[in-house]
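Spelled out from the first residue to the last, the chains are:
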Amino acid sequence: MQEYADIFNARGHLYNEASSSCPRARQRERDAVIDRMALRPGQHVLDAPAGGGYLADGIRRRCGGQVDVTCVEPAERFSQAIGTEHIVVVKPLAQTGLPGGSFDAVASLAGLHHIVDRNSVYREWRRLLKPGGRLVVADVQDGTGTGDFLNGFVDQHTPGGHQGVFFTDGELTQRLKECGFGEVTEDLIDVPWHFTSVENMIRFCRQLFAIESAGADETLAALRETVGVDQPEPDCVVLQWQLRVATANLDT
Ligand SMILES: C[S@@+](CC[C@H](N)C(=O)[O-])C[C@H]1O[C@@H](n2cnc3c(N)ncnc32)[C@H](O)[C@@H]1O
């Protein structure tokens, strides 16, 4: 299996290009995380793994620049798209080297499914959070159409494959409590991706996941069969993406 950093350094730029060509596609996914962070002006938050800074940009926009974001991204080349308004740390997620108790909130979007030993990451986030700090994790649930698309069609057609270790119902609650978090709530939620045309949806997904060995028709068929696609209006195409979202607090 090709080293993960090689994979993300190889295709991170495509991921970032897709995100900047269609910044609103994953808006509901990003909002679902930010809504649960209970952000207040003057706070310092961590986005990890940040990729090209998609979530960090949303946090900054939502808070009018009154919240500072530190982005931890292990893949150097992937991190190069992160805006200079954010603090960038290119380190492993479980060994950031950042000072303990320095963050009001930690947010993680669609990155943990590549990591097997997640408890070491949770323990690092616990170390980084202030007492009463908040953690929000959003990632793919096992057995959903979203998961079947990623570990099925994307795995077959992207260089290096895609073998995510997706979350089961209750896993986040159990693991986060094991790692010292207090109250944890979690749900499977709909976070549909929105596009103005079927062509835009196909182009976005092929670029985001670096789909090379399948064409537009095959990609569309796979999206329809696994994730689900609706078109309520001629210029409104909805990809029925779903994520499991957990919110946890550190005791004060
Ligand atoms: C799908 S991207 C998500 C990036 C960003 N949070 C977003 O929502 O756009 C997956 C992220 O997981 C990170 N990642 C993938 N495999 C990893 C691994 N084995 N260890 C640590 N991070 C990994 C990548 O560097 C990347 O930041």
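Look above for the structure.
In this numbering scheme, every chain counts its residues from 1 along its sequence in written order. Where totals are concerned, whole chains, interfaces and linings use all residues; where local detail is concerned, this predicted model gives features only for residues with pLDDT of at least 70, and gives and counts side-chain atom pairs only at 80 or more. With hydrogens and water set aside, each side-chain value is computed from the structure's full complement of heavy atoms.

Enquirer: For this particular structure, what's the right way to read the overall build of the chain?
Expert: Where helices and strands are cited, they refer to DSSP runs of H or I of at least four residues and of E of at least two residues respectively, numbered from the N terminus. Each helix and strand in the chain was counted, giving nine helices and ten strands. Values of the radius of gyration come from C-alpha atoms, whereas the globule rule sets the reference at 2.2 Å times the count of residues to the power 0.38. The C-alpha atoms of the chain give 17 Å as radius of gyration, which agrees with the globular expectation for 252 residues (18 Å, within 12%). Projected onto its principal axes, the C-alpha coordinates of the chain cover approximately 50 × 35 × 35 Å. Sorting the 252 residues of the chain into buried and exposed places 56% on the buried side. Contact definition: two residues touch when any of their heavy atoms are within 4.5 Å. The contacts in the chain between residues at least 6 apart in sequence include a share of 74% that link residues at least 24 apart. The rule is simple: take the accessible area with a 1.4 Å probe, protein chains only, and divide by the maximum for that residue type; under 20% is buried, over 50% is exposed, in between is partly exposed.

Enquirer: Even after reading the chapter, I still don't get the environment of Glu212, so can you show me in this structure?
Expert: Along the chain, Glu212 falls in the loop between helix H8 (198–208) and helix H9 (216–227). Sequence separation between Glu212 and Phe195 is 17 residues; the distance between their C-alpha atoms is 21 Å. In this structure, Glu212 is in contact with His157, Pro159 and Arg206, ignoring residues within four places of it in sequence.

Enquirer: Hey, could you run me through the sheet that holds strand S7 (residues 193–195) in this one?
Expert: Strands pair in a sheet through their backbones, by hydrogen bonds, and they do so in one of two ways: parallel or antiparallel. Pairing between two strands is assigned when DSSP locates at least 2 bridges connecting them. One open sheet holds the three strands; their spatial order is S7-S9-S8, and the pairing between them is antiparallel. Only two strands of the sheet have a single partner each, and these edge strands are S7 and strand S8 (229–233). Going across the sheet, the axis of each strand differs from the next one's by a mean of 25°, ignoring polarity. With three bridges connecting them, S8 and strand S9 (residues 236–239) associate as antiparallel partners. In this analysis, axes come from line fits to C-alpha atoms, helices being fitted only over the stretch in contact, and the angle between any two N-to-C directions falls in the range 0 to 180 degrees.

Enquirer: How should the packing of aromatic side chains be read in this particular structure?
Expert: Pairs of aromatic rings are described using the distance from one ring centre to the other and the angle between the two planes. Stacked, edge-to-face and tilted are the three classes for Phe, Tyr and Trp ring pairs, Trp counted by its six-membered ring, which pair at centre distances within 6.5 Å; planes under 30 degrees apart are stacked, over 60 edge-to-face, the rest tilted. According to the stated counting rule, one finds ten aromatic pairs in the structure shown. Judged by centre distance (6.2 Å) and plane angle (50°), the rings of Tyr122 and Trp125 are tilted. One end of the pair, Tyr122, and the other, Trp125, are both in helix H5 (residues 118–128), three residues apart, so they sit about a helical turn from each other. Here Tyr122 and Trp125 have matching classes, each one buried. Through pairs of rings, three or more aromatic residues link up here, namely Phe149, Phe153, Trp193, Phe195, Phe204, Phe209 and Trp241. Lying across the ring of Tyr54, Arg30 places its NZ or CZ 3.9 Å from the centre. Sitting over a ring, as applied to charges here, requires NZ of Lys or CZ of Arg to be within 6 Å of the ring centre and within 35 degrees of the ring normal. Directly above the ring of Phe167 sits Arg118, whose terminal nitrogen or CZ lies 3.9 Å from the centroid.

Enquirer: Would you explain the layout of surface pockets in this entry?
Expert: Gaps between atoms show up when a probe of the same size as a water molecule is rolled over them. Of the grid points, spaced at 1 Å and generated over the protein atoms alone, those admitting a 1.4 Å probe that cannot get out make up cavities, while open sets with protein on both sides within 12 Å along at least five of seven lines make up pockets; any residue with an atom within 4 Å of a point is treated as lining. Grid points are joined across faces, edges and corners, and a volume is the space filled by probe spheres set on the points. Looking at the second largest pocket, its volume works out to about 200 Å³. Lining the second largest pocket are Tyr15, Asn16, Ser19, Ser20, Pro23, Arg30, Gly52, Gly53, Tyr54, Asp57, Arg61 and Ala81. Put simply, the parts of the chain that give the lining of the second largest pocket at least two residues each are helix H1 (4–21) and helix H3 (54–62). Of all the elements, H1 adds the most residues to the lining of the second largest pocket, at four residues.

Enquirer: Help me out: how do you make sense of the pattern of salt bridges in this one?
Expert: When charged atoms on two side chains of opposite charge get close, those side chains can pair. For salt bridges, the criterion is a side-chain nitrogen of Lys or Arg within 4 Å of an Asp or Glu carboxyl oxygen. According to the stated counting rule, one finds ten salt bridges in the structure shown. With a shortest N-O distance of 3.0 Å, Arg118 and Glu171 are connected by a salt bridge. Residue Arg118 is located in helix H5, and its partner Glu171 is located in helix H7 (residues 171–178); the two are separated by 53 residues in the primary sequence. Side by side, Arg118 and Glu171 carry an identical accessibility label, which is buried. Residues joined by salt bridges that share partners form a network here, namely Asp31, Asp35 and Arg62.

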